[in-house]
Amino acid sequence: MQNIPPQVQALLGQLESYQQQLQLVIQQKQKVQVDLNDAKKALEEIEKVEENTPIYKTVGTLIVKISKDKAVEELKEKIETLEVRLNALNRQEQKLNEKIKELTQKIQSMLRPTAG
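Residues numbered from 1 in each chain as written. Predicted model: local features only at pLDDT ≥ 70, side-chain atom pairs only at ≥ 80, totals over all residues. Heavy atoms only, no water.

Caption draft 1: Representation of the overall build of the protein chain within the structure. Helix and strand content of the protein chain: 2 helices and 2 strands. At 23 Å, the protein chain has a C-alpha radius of gyration far larger than the 13 Å of a compact globule built from 116 residues. Each principal axis of the C-alpha distribution contributes one length, and for the protein chain these read about 75 × 25 × 15 Å. A total of 116 residues make up the protein chain; the buried ones form 23% of that total. In the protein chain, the proportion of contacts linking residues at least 24 apart, taken out of those at least 6 apart, comes to 72%. Total accessible area computed for the protein chain in this model is approximately 8700 Å², and 52% of it derives from carbon and sulfur atoms. Averaging the locations of the 18 positively and 17 negatively charged side chains of the protein chain gives two centres separated by 7 Å. (Helix = DSSP H or I, 4+ residues; strand = E, 2+ residues; numbered from the N terminus. Rg over C-alpha atoms; globule rule 2.2 N^0.38 Å. Buried < 20%, exposed > 50% of the residue type's maximum accessible area, 1.4 Å probe, protein only. Contact = heavy atoms within 4.5 Å. Areas by Shrake-Rupley, 256 points an atom, 1.4 Å probe, with all protein chains shown as cover. Lys, Arg positive; Asp, Glu negative; His and termini not counted. Charge placed at Lys NZ, Arg CZ, Asp CG, Glu CD.)

Here is the structure:
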């Protein structure tokens, strides 16, 4: 494998770069999914409590009292934002997977004639 043509070496570098990008996207997706699940659980719990039940949220290092309506509104907005982000990451992951597949096939076809 020491006699890999420069073109193939360049493609292998590109492939490695795509694989690293894919790993980052997967990590971001996992974090967004956790945040989304947490927000959905919080919304579910808040919707169960009565209107006059005190609700608190953290703001930096402070804990602030918030109305149920405001808490529900903020959580719904957060959920919507996270879902949009998750969809974008899913599309990005899909595109990277396609690029990796195409590049892998291209590299394999370039190496095949030299191996035979």
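Caption draft 2: Local environment of the side chain of K68. By secondary structure assignment, the location of K68 is in helix α2 (residues 68–115). Polar side-chain contacts of K68 include one of 3.5 Å to the backbone oxygen of E47. Among residues more than four places away in sequence, those in contact with K68 are I46, E47, V49, E50, E51 and I55. (Polar contact = N/O pair within 3.5 Å; in protein donor to acceptor, adjacent residues only side chain to side chain.)

Caption draft 3: Focus on the pattern of salt bridges. By the definition in use, this model includes 5 salt bridges. A salt bridge links K29 to E93, with the shortest nitrogen-to-oxygen separation between them at 2.6 Å. With a gap of 64 residues between them, K29 in helix α1 (residues 6–48) and E93 in helix α2 connect regions that are remote in the sequence. A relative accessible area of 17% means that E93 is categorised as buried. Here K40 ties to E83 by a salt bridge, and the two come within 3.6 Å at their closest N and O atoms. (Salt bridge = Lys/Arg side-chain N within 4 Å of Asp/Glu carboxyl O.)

Caption draft 4: Focus on the nonpolar core. By size, the foremost hydrophobic cluster in this structure holds 25 residues, and its most contacted members are I46, L103 and I107. Counting residues per element, the ones that place at least two in this core are α1 and α2. Not counting chain neighbours up to four residues away, the residues in contact with I46 comprise I55, K68, A71, V72 and L75. (Core = buried A, V, L, I, M, F, W, Y, C linked by side-chain atoms within 4.5 Å.)

Caption draft 5: Seen up close, the environment of E51. With respect to the helices and strands, E51 occurs in the loop between α1 and β1 (55–59). E51 sits 18 residues away from D69 along the chain, and the two C-alpha atoms are 8.2 Å apart. In this view, E51 contacts K68 and D69; residues no more than four positions away in its chain are not counted.

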